[in-house]
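Report on the structure
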Amino acid sequence: MDPRTAKQLFIITCIGFFTFGLLNASMGPLLEQFATNNSVPLATIGSMFTAMFTGGLLAQLALGQFTNRMGEHRGLAGSFLFLSVFLGAASLSRSYPLTLVLVFFAGMGYGLAILCGNILISRLFEKDNISALNWLNVYFGIGDVVGPLLVSLSLFLWKTGMPALWIGSAGMLLVAAVLALIYFKVNIAPAKAAAQVRSERVKLTPFLFSLTLMILVYVGSETTLGSWATTYMHRTTTMGMERAALVTAGFWLMLTLGRIMGAVLGSRISALNLLKICLGISMLGALVFVLGYGNLVWSIVAVLIMGFGFGAVFPTTFGIMTSSYGENSGKAGSIITATASLSGMTLPWLVGVIFAKTGMRSFTFALALLMLLMWGAFLFLANTKKKVDHPAG
């Protein structure tokens with residue numbers, strides 16, 4: 001592919017990921033409004049995430065392995081179409097069962113968009129994919145910041161935050177149209193897989209399992225904190241919902257800054273060293289979160305620190321996968337992201353149920369436990385990656 005077309009595809013994909021992030025981060029601050037609209041308790045509405053990630057899981061398992069053949073840019077156009085249309089419809093629903101069905105179909109687009117978008121950029125920039133993936137996810141992060149801000153502004157102006165979803169859905173539809181109408185016929189040649197993982201059928205090796213475990217724990221951690229931060233700040237401090245939503249915006253802002261750090265360092269240090277830095281920062285934030293429970297300032301500081309540490313974890317881990325699996329990235333990626341969907345599907349709901357029964361204090365301990373699990377996953381990944389990079393004999 002000529003550099004000009006690759007650059008154009010990168011730009012339009014980044015714009016799409018901006019709208020993707022906007023929709024993603026708007027969901028958490030809107031949970032209480034979704035609960036009110038559907039006449040169900042707050043703990044129950046958390047099952048929206050279960051429905052969304054179930055849709056993503058099934059789409060990744062059923063269709064992810066075929067993304068190499070159909071072209072990731074074509075798959076991305078279709079996934080953006082599904083996500084924007086069905087999530088926009090869910091914002092208008094007043095029936096809880098109907099809302100879950102609509103969110104399920106939106107989740108199918110959500111799951112494939114993550115897979116197709118990240119593999120697409122990895123293929124466009126094979127030699128510097130860690131940096132390119134972090135830049136892509138910077139735009140996702142900018143959308144993450146704008147989403148809660150739009151929710152907060154909408155609540156202030158109109159007493160409803162749903163316009164944030166409507167704006168994001170409209171923008172994503174436009175990106176899907178550009179990808180389908182202008183770039184549909186573009187073909188992208190895949191890279192070769194590393195010798196240790198080259199196979200027509202991708203097997204669940206220790207290396208693939210370590211990648212899967214790393215992203216599984218990370219996605220669960222990020223989704224849980226991003227989804228419940230607004231509720232946590234509202235219930236444990238004197239903050240109103242409008243201002244509490246700004247803390248969630250701050251979380252996504254720091255996550256974006258963490259990805260900028262990843263983009264800058266990604267071409268200068270190894271992927272594993274970059275992950276060490278990220279996890280060290282995240283662990284510090286989790287410690288402050290536990291010790292600062294109930295304190296307005298320390299709670300905000302903790303959320304921001306964890307956001308910064310989280311930033312580069314997903315794109316860096318995904319870049320390790322695409323560098324190793326090459327033309328098999330679609331197959332390996334579908335396994336990784338589908339398993340991660342299980343985490344995103346269950347953890348926000350489970351944590352919501354736990355703190356609804358035991359109090360918000362348990363939320364801080366849950367985040368600290370997830371940080372410890374992420375360190376364990378990293379150590380496992382570091383060990384298995386050495387064996388893939390330097391096979392015996």
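Residues numbered from 1 in each chain as written. Predicted model: local features only at pLDDT ≥ 70, side-chain atom pairs only at ≥ 80, totals over all residues. Heavy atoms only, no water.

1. Here we look at a nonpolar patch on the surface
Together, Trp-135, Leu-253, Leu-257, Ile-260 and Val-264 make up an exposed nonpolar region whose accessible area comes to about 380 Å². Per element, the largest residue contribution to the nonpolar patch is 4 residues, and it comes from helix α11 (residues 241–265). Its place among the elements puts Leu-253 in helix α11. Classification of Leu-253 as partly exposed rests on a relative accessible area of 40%. (Patch = residues over 30% accessible without salt bridge, like charges linked within 9 Å, V, L, I, M, F, W, Y side chains within 5 Å. Areas by Shrake-Rupley, 256 points an atom, 1.4 Å probe, with all protein chains shown as cover. Salt bridge = Lys/Arg side-chain N within 4 Å of Asp/Glu carboxyl O. Helix = DSSP H or I, 4+ residues; strand = E, 2+ residues; numbered from the N terminus. Buried < 20%, exposed > 50% of the residue type's maximum accessible area, 1.4 Å probe, protein only.)

2. What about the packing of helix α7 (residues 96–124) against helix α14 (residues 313–325)?
Where α7 contacts α14, the two axes come as close as 10 Å, and the packing angle between them is 65°. At the point where α7 passes α14, the crossing takes the right-handed sense. For the pair formed by α7 and α14, the contact residues are Ile-114, Leu-115, Asn-118, Ile-119 and Ser-122 on the first element and Phe-314, Phe-318 and Thr-322 on the second. (Axes fitted to C-alpha atoms, helices over the stretch in contact; angles between N-to-C directions. Left-handed = near helix turned anticlockwise from the far one by under 90°. Contact = heavy atoms within 4.5 Å.)

3. Considering the pattern of salt bridges
All chains considered together, the criterion is met by 1 salt bridge. Across the salt bridge formed by Arg-259 and Glu-222, the nearest N and O atoms sit 3.6 Å from each other. Note that Arg-259 is positioned in helix α11 and Glu-222 in helix α10 (residues 206–236), a separation of 37 residues in sequence.

4. Quick notes on the confidence of the model for the protein chain
Chain-level statistics for the protein chain give a pLDDT mean of 84 and a share of 93% at 70 or above. Here helix α5 (residues 67–70) stands out as the element of the protein chain with the lowest mean pLDDT, 67, in contrast to helix α12 (residues 271–291), whose mean of 94 is the highest. The low-confidence segment residues 193–199 (pLDDT under 50) makes 18 contacts with residues lying over four places distant or belonging to another chain. (pLDDT = per-residue confidence, 0-100.)

5. A short note on the packing of helix α8 (residues 129–158) against α11
Where α8 contacts α11, the axes come no closer than 8 Å and their chain directions differ by 170°. Here α11 runs roughly antiparallel to α8, going by the angle between their axes. For the contact of α8 with α11, the residue count by class is 16 nonpolar, 8 polar and 3 charged. (Parallel < 35°, antiparallel > 145°, perpendicular 65-115°, else oblique. Nonpolar A, V, L, I, M, F, W, Y, C, P; charged D, E, K, R; others polar.)

6. Re the state of the cysteines
In protein chemistry, a disulfide is the covalent bond that joins the sulfur atoms of two cysteines. One pass over the structure, following the stated rule, counts 0 disulfides. No disulfide involves Cys-116; its sulfur sits 16 Å from the nearest other cysteine sulfur, which is in Cys-14. On the basis of relative accessible area, Cys-116 is assigned to the buried category, the value being 1%. The thiol of Cys-278 is unpaired, and the distance to the nearest cysteine sulfur, on Cys-14, comes to 19 Å. (Disulfide = S-S within 2.5 Å.)

7. Points about the nonpolar core
In this structure, Phe-20, Phe-80, Leu-225 and Phe-363 are the most contacted members of the largest nonpolar core, which totals 122 residues. What Phe-363 contacts, discounting residues up to four positions off in sequence, is Thr-224, Leu-225, Trp-228, Tyr-232, Phe-289, Val-351 and Phe-355. (Core = buried A, V, L, I, M, F, W, Y, C linked by side-chain atoms within 4.5 Å.)

8. Focus: the environment of Leu-61
Along the chain, Leu-61 turns up in helix α4 (residues 47–63). Residue Leu-61 is classed as partly exposed on the basis of its relative accessible area of 48%. Put simply, Leu-61 and Leu-112 are 51 residues apart on the chain and 9.7 Å apart in space, counted from C-alpha to C-alpha.

9. Details of the packing of aromatic side chains
Under the defined criterion, the tally for this structure stands at 21 aromatic pairs. The interplanar angle of 55° and the centroid separation of 6.3 Å between the aromatic rings of Tyr-232 and Tyr-293 together place this pair among those described as tilted. Taken together, the positions of Tyr-232 in helix α10 and Tyr-293 in the loop between α12 and α13 (296–310) put the pair 61 residues apart, joining distant regions of the chain. Residue Tyr-232 is classed as buried on the basis of its relative accessible area, which comes to 1%. Relative to Phe-363, the ring of Phe-289 lies with its centre 5.8 Å away and its plane at 75°, an arrangement referred to as edge-to-face. Here Phe-363 lies in helix α16 (residues 361–389) and Phe-289 lies in helix α12, a separation of 74 residues in the sequence. Pair check on accessibility: Phe-289 and Phe-363 agree, each one buried. (Phe/Tyr/Trp six-rings, centres within 6.5 Å; stacked < 30°, edge-to-face > 60°.)

10. Some points on the environment of Lys-203
Here Lys-203 shows up in the loop between α9 (163–182) and α10. Distance from Lys-203 to Gly-75, taken between C-alpha atoms, is 24 Å for residues 128 residues apart in sequence.

11. Concerning α10
Helix length check: α10, at 31 residues, gives a terminal C-alpha distance of 42 Å against a target of 45 Å (1.5 Å per residue), a fit within 8%. Where α10 bends most, the angle comes to about 50°, and this point is Trp-228. A large share of α10 lies buried, amounting to 25 of its 31 residues. (Expected span 1.5 Å × (residues − 1). Bend = angle between axes of the 7 residues up to and from the residue.)

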